[in-house]
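Examining the three-dimensional arrangement
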Amino acid sequence: MSRQNALTIAVATMVSAALGGLVIWKVVRTRRRRSSPQQLDQGQPELSEQDSLVEPQASELPLLPLPEQVLGVEPTLVTSCEEWEMVWPAVQRDLSVYPVLGLDCEWVSVKGKAAPVSLLQMATYSGLCVLIRLPKFRSSTPPVPRTLLDVLQDPTTLKVGVGCYEDAGKLARDYGVAVNCTVDLRYLAMRQRQVTVYNGLSLKSLAQDILNFSLDKSLKLRCSDWEAEQLSQEQVTYAGRDAQVSVALFFHLLGLNSPETQNGTMPERSFKQLVSRCQGLVDVPFRGRGGEGDEKGPEGPGERRRRSKRATLDSQSSGDQQVPDPRKNRRKPLGVGYSARKSPLYDNCFLHAPDGQPLCTCDKKKAKWYLDKGIGELMSEEPFIVRLKFEPSGRPESQQDYYLTAKENLCVVCGKTDSYIRKNVVPHEYRRHFPTEMKDHNSHDVLLLCTACHAASNYHDNQLKQKLAEDYGAPLGCEEGVRLLEDSDRRHVRSAARALLNAADSLPHSRQEELLAVIKAFFNTTEVTPDMLKQAASLETRIFNESYIPHGLKVVQAYAHRGLRGLMELEKCWRQHFLSSMQPRYLPPLWSVEHNHTKLLRKYGENLVIQLS
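Within any chain, residue numbers begin from 1 and follow the written order of that chain's sequence. Residues qualify for local features only when their pLDDT is at least 70, as the model is predicted, and side-chain atom pairs are given and counted only at 80 or more; totals for whole chains, interfaces and linings, by contrast, use all residues. Water and hydrogen atoms play no part in the side-chain values, which are based on all heavy atoms of the structure.

For the protein chain, the name recorded in an unreviewed UniProt entry is Exonuclease 3'-5' domain-containing protein 2, with Lepisosteus oculatus as its organism. UniProt positions are given in the numbering used here, feature names are shortened, and annotations may be inferred rather than shown by experiment. The record held by UniProt for the protein chain lists under Catalytic activity (unreviewed entry) the comment "Exonucleolytic cleavage in the 3'- to 5'-direction to yield nucleoside 5'-phosphates." According to the UniProt record, the Sequence similarities (unreviewed entry) comment for the protein chain is "Belongs to the EXD2 family."

Our focus in this paragraph is the overall build of the protein chain. Of regular secondary structure, the protein chain possesses 24 helices and 16 strands. Burial analysis of the protein chain (613 residues in total) assigns 46% to the buried set. In what follows, residue pairs with any heavy atoms lying within 4.5 Å of each other are defined as contacts. Put simply, 71% of the contacts in the protein chain that link residues at least 6 apart link residues at least 24 apart. Carbon together with sulfur atoms contributes 50% to the accessible area of the protein chain, which is approximately 32200 Å² in total. In this description a helix means any DSSP run of H or I spanning at least four residues, a strand means any run of E spanning at least two, and both kinds are numbered starting from the N terminus. Remark: exposure states derive from per-residue accessible area (1.4 Å probe, protein chains only) relative to the maximum for the residue type, with buried under 20%, exposed over 50%, and partly exposed in between. With residues, only the protein chains shown are counted as cover, and all accessible areas are computed by Shrake-Rupley using a 1.4 Å probe.

A few words on the state of the cysteines. Any cysteine sulfur atom paired with another within 2.5 Å is treated as part of a disulfide. For the structure on display, the rule yields 0 disulfides. Counting only cysteine sulfurs, Cys411 is the nearest neighbor of Cys414, a cysteine outside any disulfide, at a range of 3.7 Å. Relative accessible area serves as the criterion here: at 4%, Cys414 is assigned to the buried category.

Both site types are read off a 1 Å grid over the protein atoms alone. A 1.4 Å probe that fits but cannot get out defines a cavity, while an open set with protein on both sides within 12 Å along at least five of seven lines defines a pocket; lining residues have an atom within 4 Å of a point. Grid points are joined across faces, edges and corners, and a volume is the space filled by probe spheres set on the points. Evaluation of the coordinates by the stated rule reveals 2 cavities of 30 Å³ or more. Roughly 80 Å³ of volume is contained in the largest cavity. Arg431, Met438, Glu571, Arg575 and Asn596 are the residues nearest the centre of the largest cavity, which is lined by 14 residues in total. Sorting the residues of the lining of the largest cavity by element identifies α17 (436-439) and α23 (563-582) as the ones contributing at least two each. Approximately 50 Å³ is the volume attributed to the second largest cavity. In terms of lining residues, the second largest cavity is bounded by 10 residues, among which Pro65, Val70, Tyr125, Ala248 and Phe251 are the most central. Elements with a minimum of two residues in the lining of the second largest cavity: α3 (67-71) and α10 (233-253). Per-element tally for the lining of the second largest cavity: the top contributor is α10, with 3 residues. Its residues placed into classes, the lining of the second largest cavity shows 9 nonpolar, 1 polar and no charged. Note on residue classes: Ala, Val, Leu, Ile, Met, Phe, Trp, Tyr, Cys and Pro are nonpolar, Asp, Glu, Lys and Arg are charged, and everything else, Gly too, is polar.

In what follows, salt bridge is the name for a side-chain nitrogen of Lys or Arg lying within 4 Å of a carboxyl oxygen of Asp or Glu. Enumeration over the complete set of coordinates arrives at 19 salt bridges. As a salt-bridge pair, Asp150 and Arg146 come within 2.8 Å of each other at their nearest N and O atoms. Of this pair, Asp150 and Arg146 both sit in helix α5 (residues 146-153), separated by 4 residues, roughly a single helical turn. Residue class for Asp150 comes out buried when judged on its relative accessible area of 19%. You can call Arg146 buried: its relative accessible area is 19%. Arg395 is paired through a salt bridge with Glu391; the nearest N and O atoms lie 2.9 Å apart. Overall, Arg395 belongs to the partly exposed group, its relative accessible area being 29%. Linked through salt bridges whose partners overlap, the residues forming this network are Arg431, Asp445, Glu571 and Arg575.

Right, let's talk about the pairing of strand β6 (residues 129-132) for a bit. Looking along a regular strand, one sees the side chains alternate between the two faces of the sheet. Here β6 shows no split at all, with Cys129 and Leu131 on one side and Val130 and Ile132 on the other all buried. Bridge count for strand β1 (residues 76-78) against β6 is 3 bridges, and the pairing is parallel. In the strand pairing of β6, Val78 is matched with Ile132. A pair of strands counts as paired when DSSP detects no fewer than two bridges linking them. Examined bridge by bridge, strand β5 (residues 119-123) and β6 share 4 bridges and lie antiparallel to one another. Counterpart to Leu120 in the pairing with β6 is Ile132. Linkage of β5 to β6, two consecutive antiparallel strands, is achieved through a turn of 5 residues, within which Gly127 is found at a positive phi near 100°.

For this analysis, a ring pair means two rings from Phe, Tyr or Trp (six-membered ring only for Trp) whose centres lie within 6.5 Å, classed as stacked if their planes differ by under 30 degrees, edge-to-face if by over 60, and tilted for the remaining angles. Per the counting criterion, the structure on display carries 12 aromatic pairs. Clustering of aromatic rings is evident, with ring pairs tying together Tyr98, Tyr125, Phe250 and Phe251. Over the face of the ring belonging to Trp107 we find Lys170, whose NZ or CZ atom lies 5.0 Å from the ring centre. One Lys or Arg, Lys407, reaches over the ring of Tyr402 and ends 4.6 Å from the middle of that ring. Comment: the charge-over-ring label is applied if NZ (Lys) or CZ (Arg) is within 6 Å of the ring centre and within 35 degrees of the ring normal.

Here the focus is the packing of helix α18 (residues 451-471) against helix α22 (residues 551-560). Angle between the axes and distance between the axes: these two values describe a pair of packed helices. For the pair α18 and α22, the least separation of the axes is 10 Å and the interaxial angle reads 60°. When the axes of α18 and α22 are compared, the crossing they make is left-handed. The residues of α22 that touch α18, namely those facing Lys465, Leu468 and Ala469, are His551, Val555 and Tyr559. Each axis is a line fitted through C-alpha atoms, and for a helix only the stretch in contact is used; angles between axes span 0 to 180 degrees, taken between their N-to-C directions. Left-handed is the label given to a crossing in which the near helix is rotated counterclockwise from the far helix by less than a right angle, and right-handed is the label when the rotation is clockwise.

The next point concerns the confidence of the model for the protein chain. For every residue, the pLDDT score states the predictor's confidence, bounded by 0 at the bottom and 100 at the top. When the pLDDT values of the protein chain are averaged, the result is 78; 75% of them are 70 or greater. Note that pLDDT drops below 50 for residues 31-59; the model gives that stretch 22 contacts with residues more than four away or on any other chain. Predicted confidence for residues 260-267 stays below pLDDT 50, and this span has 21 contacts to residues more than four positions away or in other chains.

Turning next to the sheet that holds strand β2 (residues 100-106). Pairing is mixed across the open sheet formed by 6 strands, whose spatial order is β1-β6-β5-β2-β7-β8. If you trace the sheet from one side to the other, it starts and ends with β1 and β8 (182-184), each paired once. For this sheet, the mean angle separating the axes of adjacent strands, direction not counted, is 30°. In the packing of helix α6 (residues 164-175) onto the sheet, the strands contacted are β2, β5, β7 (158-161) and β8, and the crossing angle to β8 comes to about 140°. Sheet contacts for α10: β2, β5, β6 and β7; angle to β2, the most-contacted strand, approximately 145°.

Residues belong to one nonpolar core when they are buried, are Ala, Val, Leu, Ile, Met, Phe, Trp, Tyr or Cys, and are joined through side-chain atoms within 4.5 Å. Judged by nonpolar contacts, the single largest core of 50 residues is most densely connected at Leu158, Leu188, Phe250 and Phe251. Sorting the residues of this core by element identifies α3, β5, β6, β7, α7 (185-191), α8 (203-210), α10 and α12 (271-276) as the ones contributing at least two each. Per-element accounting of this core gives the leading share, 11 residues, to α10. In terms of nonpolar packing, the next biggest core, distinct from the first, is built from 30 residues, Val87, Trp107, Leu120 and Leu148 among them.

So, in structure tokens, the structure goes:
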């Protein structure tokens, strides 16, 4: 065979192989496109408990549906804990594939004051959308289902939307719900250079410019009654599409639903892979340019008007639909501004008695203090153990003691490990007044919470404080609860003297006489000297409130009337309140609402004379 013929055959073979590969690729592509809508229509197959625990391999992942398929799914309205538990398995199944939720909130305002969130919207990658009417849950116990709290707090599930960081702050203020891991889509749009400034960054603009989908943002729907007994079909569709558009935008902005991704390698699904695409944008409030159409730059006149719902039900009846600028009432979300610890709280060092019996755990600084003073000797570096050279004043009654257990440096509610602060389960304003016998060794009631959970816990604490204030006549913030009162008479005298010293020449003669009369009456004299004027101008106008009793002391006094058991009841009340309101999942072993109570009764007896601090 000649060299030219061999070359011709080789070229023909290569061309045939390429054409054959192209045909096969087109067939596979067509089959995938045809099967995707069918999978959506038929729904995902039920998974057994064992199957749900196994992460799907890349080749097993379902394709991301097209945006129009996501928006075609009918939202599900949830008005009770029972209804939520019915839809939760489907939500959980979707999150096991793509840990992303589109998030949005709706609320109304009454006379310019925003009411609590009326509707929470969440949508998964498949378009499954749940509309949760939170006010309907108030009569339930707990008021927010545990599984819903878990998914909102979950630091490995992304919550995406326009203004979702601010929505998270409002949920924390209104319901004490901590929402972690939010990503504002406007940052992703700016990073991907998908939109130009003049297009605006509202959800409606992003949906139109990126997905070519028009959202209905009519004033009638934006300012409708979200607390109505029954929501209309238009309201349900409107609210659902906000969350569905958010999740569709997220995957589009990351390029995970492009034809190349859908027909080639399966898209990324793990939280680490998704969050790496959002580096530097997680839990960051949006700070935009505030141009036309830009929502709340940080809060501008665009789409955010719908969120603030300043057009109230009352204003609707009067025909007043004016929406005030939300920038004038901007509030910092809960948890922002908290100073997180720079170092771990628990070093889990151990102190041993001279005979080797474990006494307690402590921090490394305290353990080294015994070494530096020469009253302890180092027994081990890892774990760090110091054996005392003297007999301690007390020993644990058994080895099953709370103070002997090692503790993890994480949020006891959600498990977050990268930032946490100390939480006093029994607030200091009560604990400070306890007798000395109950203030020793109380680190049991100091736990670690992340900043978001700490803020949510403070919200719940304020509710219990208000109840205690009402039950025991211990007001918070009113005159009886104020240490210093303003004396209006002395303030009047001081103002008169300062006016005469600083502006006497510009005052009419009659006004000067009036001011002098005030000062004469105060000093009970017929003539005012310059020294009197100076003395009056520097008067202290605050006086001590003789009836003042701090709120915390008054509550503690009320419980102390019942002796030691009464104070233990107050302690137990706060501990149980923390468990019920926050439902912590990572409490240290042996933590108990009745911690130390049996020991106190055995040591001091029920008739202990209570001396409050």
